[in-house]
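Residue-level listing of the chains:
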Amino acid sequence: MRIIVPIKQVPETNAVKMDEVTGTMIREGVEAIINPLDLYAIEIAIRLRESYGGEVLAISMGPAKAMMALREAIAMGIDKAVLISDKSLAGSDTWATSYAIAAAIKRLTNSPDGPGRNSLGVADWGGGFDLILCGERATDGDTGQVGPGIASFLNLPIGTYIGKIEQIGNGICRVHRLIEDGYEIWELQLPALLTVVKEIANPRLPTLRGKQKAKKVQIPIWGPDQLQVQANQVGLQGSPTRVVKIFRPKVARQGQKVLATDERTISETADHLVKFLQQKDML
Ligand SMILES: Cc1cc2nc3c(=O)[nH]c(=O)nc-3n(C[C@H](O)[C@H](O)[C@H](O)COP(=O)(O)OP(=O)(O)OC[C@H]3O[C@@H](n4cnc5c(N)ncnc54)[C@H](O)[C@@H]3O)c2cc1C
């Protein structure tokens with residue numbers, strides 16, 4: 001099987017700060033990690049390779065330091081990786097991000113260099129791929145749009161919120177899709193894209209051998225030339241969404257505080273609460 005895992009490097013904090021002028025995230029001075037929800041996609045990809053054979057390739061789009069995330073994925077057991085990075089890609093929204101990642105996947109699998117050639121710096125996957133496995137969402141951007149975006153640009157069947165891959169065979173993948181009160185069973189024709197949830201597998205830790213491999217492995221960096229996209233189709237220019245304003249919403253609730261300190265005020269407070277709820281048609 002050939003499996004592609006797009007992973008995002010995110011700040012190691014939930015308190016993401018935004019630049020109010022440019023509308024982009026402030027990444028300076030914040031430790032960066034693999035998006036925690038992508039670790040589940042990495043794990044299940046490695047398990048599938050262990051069961052069915054083949055190769056797993058990770059792709060990340062981001063600044064140069066996203067290379068660290070790819071090396072960590074290799075230390076966990078991913079075979080190879082590609083980094084999409086160029087200043088023309090900075091400021092990409094979810095559309096431009098999905099578009100660039102989809103272009104990289106097309107380039108990887110429809111290489112004009114011929115079978116076995118390696119001019120893009122990774123083995124040619126001219127025969128195509130079987131699965132793309134994404135995380136459910138990134139913990140910083142939090143839209144969950146990039147997986148479906150890639151599927152749409154590549155015209156692939158997509159299964160979201162996948163908690164189990166039950167079976168793969170005869171060009172079909174049978175999966176459990178989590179819903180609020182249980183799960184649905186879906187069958188998708190391969191190649192397909194799945195976004196996975198944490199129920200799918202417990203991520204393993206990087207091994208010492210993996211870390212040694214990760215240090216040495218060559219990870220190619222692709223920009224618009226290798227992706228064969230125009231610079232104006234990516235980055236801020238290629239992004240149809242704009243951050244117009246960033247602000248913390250003001251809480252406009254007009255709270256009332258009633259203090260109950262003794263038996264009399266407890267009883268009065270209870271009466272007050274009952275009246276209040278009746279006025280609001282809540283009782
Ligand atoms: C106008 C505008 C400008 C922006 N500028 C920037 C910017 O300069 N820098 C920045 O980091 N963000 C920027 N963003 C946010 C950026 O669009 C998203 O962070 C990015 O597209 C991913 O979306 P998300 O974080 O919601 O990921 P989600 O859609 O929630 O991620 C879902 C899954 O998709 C995959 N995935 C997501 N992003 C990547 C990636 N980059 N590489 C590989 N796989 C990925 C992962 O598997 C992930 O689990 C900008 C947004 C807008 C609207």
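Everything here concerns the structure above.
What counts, and at which threshold
- Residues numbered from 1 in each chain as written.
- Predicted model: local features only at pLDDT ≥ 70, side-chain atom pairs only at ≥ 80, totals over all residues.
- Heavy atoms only, no water.
- Salt bridge = Lys/Arg side-chain N within 4 Å of Asp/Glu carboxyl O.
- Helix = DSSP H or I, 4+ residues; strand = E, 2+ residues; numbered from the N terminus.
- Buried < 20%, exposed > 50% of the residue type's maximum accessible area, 1.4 Å probe, protein only.
- Pairing = 2+ DSSP bridges.
- Expected span 1.5 Å × (residues − 1).
- Contact = heavy atoms within 4.5 Å.
- Axes fitted to C-alpha atoms, helices over the stretch in contact; angles between N-to-C directions.
- Core = buried A, V, L, I, M, F, W, Y, C linked by side-chain atoms within 4.5 Å.
- Disulfide = S-S within 2.5 Å.

### Thoughts on the pattern of salt bridges
Thought 1: Evaluation of the coordinates by the stated rule reveals 12 salt bridges.
Thought 2: Salt-bridge contacts for Asp140 lead to Lys8; the nearest nitrogen and oxygen are separated by 3.0 Å. Taken together, the residues span a long stretch of sequence, with Asp140 in the loop between β6 (131-135) and α4 (146-154) and Lys8 in the loop between β1 (2-6) and β2 (9-11) at a distance of 132 residues.
Thought 3: With a relative accessible area of 11%, Asp140 lands in the buried category.
Thought 4: Judged by its relative accessible area of 26%, Lys8 falls in the partly exposed class.
Thought 5: Beyond isolated ion pairs, a larger network of salt bridges with shared partners links Glu43, Arg47, Glu50 and Arg204.

### What to know about the pairing of strand β9 (residues 182-189)
Thought 1: Relative to β9, strand β8 (residues 172-179) runs antiparallel, the two sharing eight bridges. Within the sheet, the bridge partner assigned to Val175 lies in β9 and is Trp186.
Thought 2: What sits between β8 and β9 in their antiparallel hairpin is a turn of two residues.

### Some words on helix α1 (residues 38-52)
Thought 1: Taking 1.5 Å per residue as the helical rise, α1 with its 15 residues ought to reach 21 Å, and the 21 Å between its terminal C-alpha atoms agrees with that figure.
Thought 2: The set of residues buried in α1 consists of Asp38, Tyr40, Ala41, Ile42, Glu43, Ile44, Ala45, Ile46, Leu48 and Arg49.
Thought 3: Looking one or two residues beyond α1, the residue adopting positive phi is Gly53, at roughly 80 degrees.

### Some remarks on the sheet that holds strand β4 (residues 55-61)
Thought 1: In spatial order, the strands read β9-β8-β7-β10-β6-β1-β4-β5-β11; together these nine strands make up an open sheet with mixed pairing. In this open sheet, the two strands that pair with only one neighbour each are β9 and β11 (221-222).
Thought 2: Relative to β6, β1 runs parallel, the two being bridged by two bridges. Residue pairing in the sheet places Ile3 in a bridge with Leu131 of β6.
Thought 3: Across the sheet, helix α3 (residues 94-109) lies against β1, β4, β5 (80-84), β6 and β11, angled at about 145 degrees from β4, the strand it touches most.
Thought 4: Here α4 sits on the sheet and contacts β1, β6, β7 (158-169) and β10 (192-196); the angle it forms with β10, its principal contact strand, is near 175 degrees.

### Focus: the nonpolar core
Thought 1: Formed by 42 residues in total, the largest nonpolar core has its most connected members in Ile3, Val5, Ile42, Leu131, Leu133, Ile165 and Leu194.
Thought 2: In terms of nonpolar packing, the next biggest core, distinct from the first, is built from 27 residues, Phe129, Ala151, Leu156 and Val234 among them.

### Details of the state of the cysteines
Thought 1: Per the counting criterion, the structure on display carries zero disulfides.
Thought 2: We note that Cys134 lacks a disulfide partner, and the nearest cysteine sulfur, in Cys173, lies 14 Å from it.

Honestly, it's all geometry; don't read function into it.
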